[in-house]
Amino acid sequence: MTTFILLLITGLGLGALYFLVASGLSLIYGLMGILNFAHGAFLTLAAFAGWEVGRRMGLDTTSGFVVSIVVGALVGALFAALTEFVLVRRLYERHIEQVLVTVGLSLASVALFEGIWGSDPVYFQRAPWLTQTTNVLGASVGNTVFVAIGAAVLVLVGLLLFLNKTRYGLIIRAGVENRSMVTALGIDVRRAFTLVFTIGGMAAGIGGVLASNYFGYVSPLLGGSLLIFAFIVTVIGGLGSLAGAAVASVVVAVLQQFTNYYWGYGDFIVVLLLAVVLLVRPQGLMGRKAA
Amino acid sequence: MNHVLTVSHLAGRIGGQLVVEDVSFEVPATGVTAVLGRNGVGKTSTIKSILGLIQRTGEVTLEGRRIDHLPTHRIVQLGVGYVPEDRELFSGLTVAENLSLAIRQKNPRLDFVRELFPEVCVERAQQRAGTLSGGQQQMVSLARALINDNRILLVDEPTKGLAPKIVDEVAVALREASNTVPIVLVEQNLKVIDALAERVVVIDAGRVVHTGPARELLDDPARVQQLLGVHGEVAA
């Protein structure tokens, strides 16, 4: 029972990280039809920026940790906004070029990060309370797991409030359904594009800092490793569906944790799940059927 | 005559294929101008070309101002209301949200559209648009365009697929709207044309083949048959 609870909660923690990356991916694809392969670069740069600023303040302090999250969110948002404004905006409806540019940016970013910070993971000291565990029904669960879950819930609630209670949220929900009709109502949908990229980058940035604290290191390959599973989560949840991304994040991560522990085939089972979903329900768990 | 919209040598492409070849016509500042033609001749593409929803060349002026270089949202902001073929409501949003999204001005004409379409704009305001019937969806689509003060309305096949009773309701709403704003109406139903249109523009193979008073064309069944491929007698 203890093992079950441990695997369940750590699975939720991993799912929280997946969600922080997948939420932006899903919204970006839903509104703009762009598979953003550069999303992992937002995460990695944010993680390094958070680490750089945090370590100057003392990453082993709570204030250093909080500041690193804020810095990570801002850097992720800024990098994403610039990417949309400088590169992606010129390539709407040109899907092959979009893939080439975002893949290229992703590869170039990793090379740049390796040039600056080296290719090896950089392990760092965390605030003592982050390295401690909390007992849940006999299972000792790392506090970073609860922080990741809490952050993902806050981001989810924030995004839902934004989407459901603001005019830009309304524009994004409408744009996910029918982008050209939004412009035919006199709305400059490009602003929503930039905003969605920025929000996605911010969530990825938070995810980057939390992931580095979760794993205890920051690395140029951090974003790429999470991006693969975030893409899987996005497809399983349904491209463009925030709720789908949240549900799929939990399902994928918990399944991965349990399978890894008992059989060691966690990654394989996730890909198998992806294949099954694509065959049985191609639009994903909560996605809309293509017209 | 004072023209609100002038279209000159308009050509439009979809996926590289020429779907509007050379369309020129003028829209007076009052009344309904109907755009007619057989299926697939480029009527909807003409409307989309005017709005910049598809690639286009040629000249389009709105009250004397060139708009053919502008993006769609700027053209609409200048006062070109659009009611698309097949309604194109945001099915996951409520009726109220669909209307709210369309509002472009400080004082939207909410009372006007609620009075015109009380069933959908008042009683079903909180219902998801995707759950409405075809007729109800058309009412919302029209309300979405009429909620703003427009210089002109482009209305594309508003009666397509609707029951006769609903067609009459839509025609009444369009007549009401035409008292305040000039309308370009793409329509196949000659009865509706007869009830609403003062002028007609007939398109064939992406080109204008006839323009003139609606009455003149409708009173000439042989010409209707020749231009539209249908019997021209309008049912009483």
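Please read these numbers as outputs of a predicted model, since none were measured by experiment.

Asker: Can you help me understand the overall build of chain B in this one?
Answerer: Counting its secondary structure elements, chain B contains ten helices and ten strands. Against the compact-globule benchmark of 18 Å for 236 residues, chain B has a radius of gyration of 17 Å, which places it among compact chains. Taken along its principal axes, the extent of the C-alpha atoms in chain B is 45 × 45 × 35 Å. When the 236 residues of chain B are sorted by exposure, 46% land in the buried category.

Asker: Where do I start with the pairing of strand S10 (residues 207-213) of chain B in this structure?
Answerer: Each regular strand carries side chains that alternate between the two faces of the sheet. All names here are of chain B. The pairing of strand S9 (residues 199-204) with S10 spans six bridges and is antiparallel. Following the sheet pairing, Val202 is matched in S10 by His210. Joining the antiparallel neighbours S9 and S10 is a turn of two residues, in which Ala205 adopts a positive phi near 50°.

Asker: I tried to follow the environment of Glu52 of chain A on my own but got confused; where do I start?
Answerer: Residue and element names in this part refer to chain A. With respect to the helices and strands, Glu52 occurs in helix H2 (residues 39-57). Looking at Glu52, the number of C-beta atoms within 10 Å reads 16, which means it is partly exposed. Taking C-alpha positions, Glu52 is 9.5 Å from Val71, a pair spaced 19 residues apart along the chain.

Asker: Even after reading the chapter, I still don't get the interface of chain B and chain A, so can you show me in this structure?
Answerer: Many structure descriptions define interface size as the accessible area lost when the parts assemble. Opposite the 18 residues of chain B that make contact, chain A presents 14 residues. Tallied by class, the residues present in the side of chain B that touches chain A amount to nine nonpolar, six polar and three charged.

Asker: Can you walk me through the UniProt feature "domain: ABC transporter" (unreviewed entry) in chain B in this structure?
Answerer: The UniProt entry lists residues 5-230 of chain B under the feature "domain: ABC transporter" (unreviewed entry), expressed in the numbering used here. Annotation note: span residues 5-230 of chain B, helix share 37%, strand share 28%, distance between end C-alpha atoms 29 Å.

Asker: Looking at this model, I keep getting lost on the packing of helix H6 (residues 143-165) of chain A against helix H9 (residues 189-215) of chain A. Mind explaining?
Answerer: Between two packed helices, both the angle of their axes relative to each other and the distance between the axes serve to describe the pair. Residues and elements named next belong to chain A. The contact between H6 and H9 brings their axes to 10 Å, and the two run at 170°. With respect to their mutual orientation, H6 and H9 come out roughly antiparallel. Across from Thr144, Val147, Ala148, Ala151 and Val155 in H6, the residues of H9 making contact are Ala203, Ile206, Leu210, Asn213 and Tyr214. Split into classes, the residues belonging to the contact of H6 with H9 amount to eight nonpolar, two polar and no charged.

Cut-offs and rules
- Residues numbered from 1 in each chain as written.
- Chains lettered and ligands numbered in written order.
- Predicted model: local features only at pLDDT ≥ 70, side-chain atom pairs only at ≥ 80, totals over all residues.
- Helix = DSSP H or I, 4+ residues; strand = E, 2+ residues; numbered from the N terminus.
- Rg over C-alpha atoms; globule rule 2.2 N^0.38 Å.
- Buried ≥ 20, exposed ≤ 12 C-beta atoms within 10 Å, placed from the backbone.
- Pairing = 2+ DSSP bridges.
- Contact = placed C-beta atoms within 7 Å.
- Nonpolar A, V, L, I, M, F, W, Y, C, P; charged D, E, K, R; others polar.
- UniProt positions renumbered as here; feature names shortened; annotations may be inferred.
- Axes fitted to C-alpha atoms, helices over the stretch in contact; angles between N-to-C directions.
- Parallel < 35°, antiparallel > 145°, perpendicular 65-115°, else oblique.

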